[in-house]
Structures are given as structure tokens and as C-alpha cells.
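Report on the structure
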Amino acid sequence: MAFPKNFLWGAASASAQVEGAYNEDGKGATVWDALTDGKIRNGDDNKIACDHYHRYKEDVCLMKKIGLQSYRFSISWARIFPDDSGKINEKGLQFYVNLVNELVSANIEPICTLFHWDLPMWLHAKGGWKSAEIIPYFVEYAKTMVEALSDKVKYWVTFNEPQCFVWWGYIYGMHAPFVTSTGKEIENVTRNIMLSHGNAVKVMRSVAKQPLKIGFAPTCDIFTPKDNTPESIEEAKKATFGEALACRITWWSDPIVLGKRPKGMEFLSDEDLKIIAQPLDFYGFNSYTSMDYNSMPNTASERGYAGIPRTATGWVIAPECLYWSARYVSERYKLPLMVTENGMANVDFVMQDGKVHDPQRIDFIKKYLLALKQAIDEGIEVIGYNYWSIMDNFEWVEGYFYRFGLIYVDYRTGERILKDSADFYAEVIKTNGENL
């Protein structure tokens, strides 16, 4: 059986990871531009990255060649508002208008993410997400983008993986802005992000030029059952939605989707929750592996074994996580779902024949999509799948060490090469997954 008739087959990227042009056309610095000296693997930086800013037309042509039906990208906030003057940088805004026009001309549905980790430095100087001063700035930014793009952009994501940029950026200080914080500060960070989301959603709908589909995209760290017994299924569900920590689903999704504060989140008032829990149209989730194979405090024991299949990042290949993510999240939050990220890093290089052969990635995509299809066959509403990522790119503190893309990028020359997995994915899209 094929996937649903109007299923969106897509791929994703993020501004800081692909655009480059870090100081061109009036763009301001971000925390990933200004704070990374000595912190990125191999001394890499994202000043050029994939040079998508200059090569977006070529990249959209490749997306069309693959047959993408959607493309999830993010906006660089510092390209739009390079400083605190409130003045829009028109050249930066025009880039996204041009990108969207190019996508629409190629019959590719744009999916726009407002915040994918690249905080403007001028906002970091004001306290970043620790300060409530950021909330009206984010709302104005969201309003600006919707006014500029909503004639052609229907799908919007407010925040990508708040678990990650808070946990790694504000708690452990391993990602930009590379700070550590107290418990009270993390409460403030959480509240400010959630209030930014809620207030922005209200304003976005009020200024939109067409009815919008708005969601947010947390990482979906779930535990999977040891077997299909009701006991194991319930045990895994409890582990998934158990203790509320800033790195977990419950911390972010219960207040934003359900308007409820889990135990430990008493710092959110009833008035806060009324603002935070705006009606959403879909729940985006990023899913790569099962938490059962990763060491986390106070969680279920590992189920790994010697030689268990892993990607180049060391993440265990666990296709079942896509099924259980969809099932658990659908049961709890009762929204249509979109896989906003799923993919793998592979050891990719140009071979003697000039091509990039990546059979492991093809097998990965096939297995994970079959798991997702199982959820859909059981009646769970999934509206789309976005492979991470459309092209090899800047993988944050790992620099260019890992390659996740369907498209190979030679960072010395900027050359793009469609990998075998891109051809495979093109066939999946063409047949709507019927031949998996």
C-alpha cells in the first residue's frame, strides 16, 4: 500500500548550517558566527558552509530533480534584524522571498522554521533566552516573516528542538552560546521560549495572508518497548513521558500542546499557560534513534549489544523509534504529525566512478519509512516526512566531520553530487512509497 494521497515528501536544512554569507548584505552576527572560536571540530566554521545563500537556485533545481514535494528551511533571524534598531534588513528579507518564489515555481511546498538555534548576537548581549526582553523581539520577527512570506508559505514551525539548544547551549555549555545556567535561569529560559512561541502564534495568525498550518518541532526522544506485550509498551511509554527534564518531550510539549504543567514546572503560571498553549495544526517531531540505547540519568537500562548497527555519529539504528514516536505522541497530544527530521550520518566520499554510493543510507531510509508506514496503517495521521538533511552541511560543534545529506557537498569547491540515496528517495516519492 502507498502512503496517504496528499503526503508531503520532503527534506530539511537550517540557515546556520547551509547558507554561509555570514556577513553579507547587512546580516548581523549570530552566536554561531561569533562565539565558536576553538570550539568547533577541526577548527571549522560556518562562514561559507554550503554557500546556499548564493547557490539556492541550483539547490532548488536539485530538489526538483529528486522530486521533493516540500522543503523545510529556517530563517536566520540576524539576516532580518541585524541589530536592535527594529529596522528590517531588506536585502536579507529579499533572500527568503526569492527562495520561496523559487520553491513555489518548482512546485515544492515551503515549510518555514523561525528559530533553528542561530540567535542574533545583539540579543545574546541582552541576555538571550534568559531575559524576558527577548519575547517582543521574537514576536515582531515572526510577524515580519509572516507578513512577507505567508502569501506563499502555509506551513510554519516556531522552534526547532528547544531540548537541544537549551540543554546543550544553556545547561552544559557545549553548543552556542556556550553558557551554563542555574536551575532558576533554566526556568526563565523555558518560560521565555514558551511565551515567545505562544505570543508569536497569535500574531502570526492575525497577520497571515492565508490560513496557516503552524506547529513546533521538538526532538522526539522516546523509549521503545522490549517486546509487544502490554506491560512493555506501557513501561516504555512511562519512561518516555516520565520525569520532566529540559531535555525531554514532556517538559516542552505538555505546556505548549496540552496547556498543562508537569511536576517540576510550577514556575509556569495559569496565565502563562493560557498564552503558551495556542491551538496548533500539527506536531512536528525529529526522530533518529531510541533512548534505550543511550545513557541518560534515571532512565531505562541500555539494550545495546556488541556490534549493534550504528550510524557514523554512533547513534544506534532503531527504525522502530519512528513507529513508537508517532504512536506515543499521537496518543498523548492528538495532533496531526509531521516528521520534521529523520536521517543518518554515513561515511560518504566520491568514489572512483565519480559518484557517491551510500547503500547504508538507502537501507536506513527504507527501514524507517516502513516503520512510519506501520503507524499510518494503524490510523495515525502523519502528513509528511522530511529527511535530514537535503545536503551535507555544517553539523554544529562537529563542523563538517559528519555527512547527513542526500546531496554530497565538496566544501572546497561547492560542487554538489546527488548520492545514490537521492535517486532512491526520488523513486520513493514518485511511487508514494508503494514499493518500499
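First, a word on scope: everything that follows refers to the structure included in this document. None of these values were measured; they are calculated from a predicted model.

Remarks on the overall build of the protein chain
In terms of helices and strands, the protein chain carries 15 helices and 10 strands. A compact globule built from 436 residues should have a C-alpha radius of gyration of about 22 Å, and the protein chain, at 20 Å, falls within 12% of that. Taken along the three principal axes of its C-alpha coordinates, the protein chain extends 55 × 50 × 45 Å. Burial statistics for the protein chain: of 436 residues in total, 58% are counted as buried. Once local pairs closer than 6 in sequence are excluded, the contacts in the protein chain between residues at least 24 apart make up 77%.

Notes on the pairing of strand β4 (residues 155-160)
The element β4 is extensively covered by neighbouring structure, given that 6 of its 6 residues are classed as buried. Bridge count between β4 and strand β5 (residues 213-217): 4 bridges; the pairing is parallel. The partner of Y155 across the bridge, within β5, is K213.

Observations concerning the sheet that holds β5
As summarised here, the arrangement of the 8 strands in space is β1-β2-β3-β4-β5-β6-β7-β8, forming a closed barrel in which the pairing is parallel. For this sheet the average axis-to-axis angle between neighbouring strands, irrespective of direction, equals 25°. Relative to strand β6 (residues 282-286), β5 runs parallel, the two sharing 2 bridges. Note that in β6 the partner of F216 across the bridge is Y283. Lying over the sheet, helix α15 (residues 420-430) contacts β1 (8-12) and β8 (382-388), oriented at roughly 155° with respect to β1.

Quick look at the pattern of salt bridges
This model, assessed by the stated rule, comprises 26 salt bridges. Residues K126 and D84 are paired through a salt bridge, measuring 3.2 Å at the closest nitrogen-oxygen approach. Of this pair, K126 sits in the loop between α6 (121-125) and α7 (134-149) while D84 sits in the loop between α4 (77-80) and α5 (90-105), and the two are 42 residues apart along the sequence. On the basis of relative accessibility, which here comes to 26%, the residue K126 falls in the partly exposed class. Here D84 falls in the partly exposed class, since its relative accessible area comes to 43%. A salt bridge links R332 to D254; the nearest nitrogen and oxygen atoms lie 2.9 Å apart. Of this pair, R332 sits in helix α13 (residues 320-333) while D254 is found in helix α11 (residues 249-258), placing the two residues 78 residues apart along the sequence. On the basis of relative accessibility, which here comes to 6%, the residue D254 falls in the buried class. A single network of salt bridges, built from pairs that share partners, joins D348, D358, R361, D392, R403 and K419.

A closer look at unusual backbone geometry
The peptide bond linking A176 to P177 adopts the cis configuration, its omega dihedral lying at 10°. Relative to the helices and strands, P177 resides in the loop between α8 (162-171) and α9 (183-207). With an omega dihedral of 5°, the bond running from W388 to S389 counts as a cis peptide bond. With phi around 55°, D51 is a residue other than glycine that occupies positive phi space. Position of D51 among the secondary structure elements: in the loop between α2 (31-34) and α3 (52-66). If you check the backbone angles, W396 has positive phi at about 55° while not being a glycine. Topologically, W396 is positioned in the loop between β8 and β9 (407-409).

The rules behind each value
Residues numbered from 1 in each chain as written. Predicted model: local features only at pLDDT ≥ 70, side-chain atom pairs only at ≥ 80, totals over all residues. Heavy atoms only, no water. Helix = DSSP H or I, 4+ residues; strand = E, 2+ residues; numbered from the N terminus. Rg over C-alpha atoms; globule rule 2.2 N^0.38 Å. Buried < 20%, exposed > 50% of the residue type's maximum accessible area, 1.4 Å probe, protein only. Contact = heavy atoms within 4.5 Å. Pairing = 2+ DSSP bridges. Axes fitted to C-alpha atoms, helices over the stretch in contact; angles between N-to-C directions. Salt bridge = Lys/Arg side-chain N within 4 Å of Asp/Glu carboxyl O.

Don't take any of this as a statement about function, it's just geometry.
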